[in-house]
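Spelled out from the first residue to the last, the chains are:
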Amino acid sequence: MRDGDVVVIGGGYAGVRLAKRLDATARVTLVDRKEVFFHRIASLRAGVHPEWSVTPFIPYDRLLRNGRVVTGKVVRIDTAERQVALATGERLPYDVVVIATGADYPEPARFTGTTTEEAVKSFAGHQQRIGGADHVLVVGGGPSGVELSAEIRLARPQARVTLAHAGPSLLHATGSERAGRRARAWLESHGVEVRLDSFMSPGNDFGTYRDAQGNIIEADLSFWATGTTPNTLWLRLAGHGDWLNPSGHVKVDRTLRVDGRPDVFAVGDVNDATELKITPAALAQADLAAWNIRAHLNSSGRHRKEPRLYRPMHRTPLIVPFGPADGLTMLPVPGGDTAVLGSRTSVLAKAKTLMTPYMRRQLGYAGA
Ligand SMILES: Cc1cc2nc3c(=O)[nH]c(=O)nc-3n(C[C@H](O)[C@H](O)[C@H](O)COP(=O)(O)OP(=O)(O)OC[C@H]3O[C@@H](n4cnc5c(N)ncnc54)[C@H](O)[C@@H]3O)c2cc1C
């Protein structure tokens, strides 16, 4: 017998992991507004290279043995009735609800539409525009901006590619100057123009961009790798604005519950746990929340478990691919320093496959 109805809102990295963890012990319903899992880590390459167009999409059909996956946009959590409301009007009763709606990202790392066909079409549009551009501007020199600039350069050796970054060095938010220097050296040696201390905004004329000093860059195409926005507007519109902090993240306590709500959890990019918003953190939060949800559902039973407290992840390896055959890995080492490893580790651990086989296995599919 399974204990309780758990509705997981959002089938990204955190939601998928959590649903799978609880599938054997609770009645799980996973709801996502799109019909397939989107492996975002492969999305930058998919936006540039046609042969990667379908790689990021993995069906949900083999994820759960007992629970179900529903396609639909959640618009409200009705805490009085303990129901989740979908845009279609359908209502899903819950004993525990988990908000795992992640964050929105600029193109090309977005899933546009609800079906694979729609999203593939959007990738094809980016690939065509990149293929026809003489000058591509990438704004934002964090891991995504560096990775995207490298992918574009490798796909378009003859085009001009500029990476403009507001900070004093690439990857500076990671705290590793060495990694920033390595990334810059790779890009410049491959003919990418790197402009630092360049806070960009759109210029007055179409196809122009200006930095804070008033310098104008003309480009046929621009991509903005400048940050993310939590997917919580729907919560605000549904009257749960008091669950959010000023940046729109869901406020959680150390058990990953929404403050003061024993049956509402929030995991992954959507919450305000202070750490880098990356997949290992989303997965670790899903694991901890699964434990705490089981503890909550069994709280009156004989096998009562104590809730666990989440410890934010501040130091974790970070890999930045430079295309499929090169990259760098930032590896925290004891004493607070970061070692920077080169091509071999980065290619094996991520750059070549972008962790697609791993994610496919998580969803019950074999191989690449
Ligand atoms: C370009 C790029 C590259 C990245 N590369 C890496 C990397 O290499 N390594 C790494 O560790 N991290 C990487 N990240 C970060 C990583 O993608 C996030 O940390 C991760 O996606 C967080 O997972 P999540 O489950 O919280 O959210 P998401 O993966 O964003 O999933 C949220 C889900 O919620 C659904 N949803 C949203 N609103 C609703 C609604 N109202 N109703 C129903 N469903 C809804 C969405 O459709 C989505 O499926 C990268 C991010 C980007 C943008």
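See the structure shown above.
Owing to the predicted nature of the structure, the values given are computational and were not obtained by experimental measurement.

A. Looking closely at the nonpolar core. One finds Leu18, Ile77, Val84, Val98 and Ile99 to be the most contacted residues of the largest nonpolar core, which totals 68 residues. Among the elements that make up this core, the one with the highest residue count is helix α7 (residues 279-297) (8 residues). Counting only domains with at least three residues in this core, you end up with domain 1 (5-108 + 228-297) and domain 2 (116-227 + 315-362). If we skip the residues at most four places from it in the chain, valine 98 touches Val6, Val7, Val8, Ile9, Leu18, Phe265, Val267 and Ile293. The next biggest cluster of nonpolar side chains, apart from the first, holds 32 residues, and it includes Ala133, Ala150, Ala183 and Val320.

B. Main features of the sheet that holds strand β13 (residues 193-195). Read across the open sheet, the 4 strands follow the order β13-β12-β11-β17; overall the sheet is parallel. The two strands at the open ends of the sheet, each matched to only one other strand, are β13 and β17 (221-224). Looking at each pair of strands side by side, their axes are set apart by 15° on average, direction ignored. As paired elements, strand β11 (residues 135-139) and β17 share 4 bridges and run parallel to each other. Residue valine 136 lies in a different strand from β17, and its bridge partner there is leucine 221.

C. Structural detail: the site of the ligand. Ala14, Asp32, Tyr105, Thr279 and Lys350 are the nearest of the 31 residues found near the ligand. Taking lysine 34, its side chain carries an N or O atom lying 3.0 Å from an oxygen atom of the ligand. Between an oxygen atom of the ligand and a main-chain N or O atom of lysine 277, the distance comes to 3.2 Å. If the ligand stood free it would expose 990 Å²; the protein chains cover 93% of that surface. Elements represented by at least two residues in the shell around the ligand include exactly α1 (13-22) and α7. Counting residues per element, the shell around the ligand draws most heavily on α7, which supplies 3 residues. Across the shell around the ligand, the residue classes break down as 13 nonpolar, 10 polar and 8 charged.

D. Local environment of the pairing of strand β7 (residues 83-86). Residue alternation in β7 divides its side chains into two sets, Gln83 and Ala85 and Val84 and Leu86, and both sets are buried. Across 4 bridges, strand β6 (residues 74-78) lies against β7 in antiparallel orientation. Looking at the pairing, aspartate 78 lines up with glutamine 83 of β7. Between the antiparallel neighbours β6 and β7 lie 4 residues, among them arginine 82 with a positive phi of about 55°. Pairing between β7 and strand β8 (residues 91-93): 3 bridges, direction antiparallel. By the bridge assignment, valine 84 is partnered in β8 with leucine 92. Hairpin geometry of β7 and β8 is characterised by an intervening segment of 4 residues between the two adjacent antiparallel strands and by a positive phi of about 100° at glycine 89.

E. Expanded view of unusual backbone geometry. In this structure, the amide linkage connecting glutamate 107 to the following residue, proline 108, adopts the cis form with an omega of 5°. Topologically, proline 108 is positioned in the loop between β10 (103-104) and α3 (116-132). Positive phi, close to 70°, is recorded for leucine 256, a residue that is not glycine. Relative to the helices and strands, leucine 256 resides in the loop between α6 (233-237) and β19 (264-266). Phi at leucine 354 is positive, roughly 55°, even though this residue is not glycine.

F. Focus on the packing of α1 against α7. One can describe the packing of α1 onto α7 by two numbers: an axis separation of 8 Å at closest approach and a directional angle of 35°. The way α1 lies across α7 gives a crossing that is right-handed. From α1, Tyr13, Ala14, Arg17, Leu18, Arg21 and Leu22 reach across to α7, where they touch Thr279, Ala282, Leu283, Ala286, Asp287, Ala289, Ala290, Ile293 and Arg294. Here the residues of the contact of α1 with α7 are counted per class, giving 10 nonpolar, 1 polar and 4 charged.

G. Representation of the sheet that holds strand β15 (residues 208-210) within the structure. With antiparallel pairing, the 3 strands of this open sheet are ordered in space as β14-β15-β16. Either end of the sheet is taken by a strand with one partner, and the two such strands are β14 (201-202) and β16 (216-218).

Conventions and cut-offs
Residues numbered from 1 in each chain as written. Predicted model: local features only at pLDDT ≥ 70, side-chain atom pairs only at ≥ 80, totals over all residues. Heavy atoms only, no water. Core = buried A, V, L, I, M, F, W, Y, C linked by side-chain atoms within 4.5 Å. Buried < 20%, exposed > 50% of the residue type's maximum accessible area, 1.4 Å probe, protein only. Helix = DSSP H or I, 4+ residues; strand = E, 2+ residues; numbered from the N terminus. Domains from an automatic or database assignment. Contact = heavy atoms within 4.5 Å. Pairing = 2+ DSSP bridges. Axes fitted to C-alpha atoms, helices over the stretch in contact; angles between N-to-C directions. Near = heavy atom within 4 Å. Polar contact = N/O pair within 3.5 Å; in protein donor to acceptor, adjacent residues only side chain to side chain. Areas by Shrake-Rupley, 256 points an atom, 1.4 Å probe, with all protein chains shown as cover. Nonpolar A, V, L, I, M, F, W, Y, C, P; charged D, E, K, R; others polar. Left-handed = near helix turned anticlockwise from the far one by under 90°.

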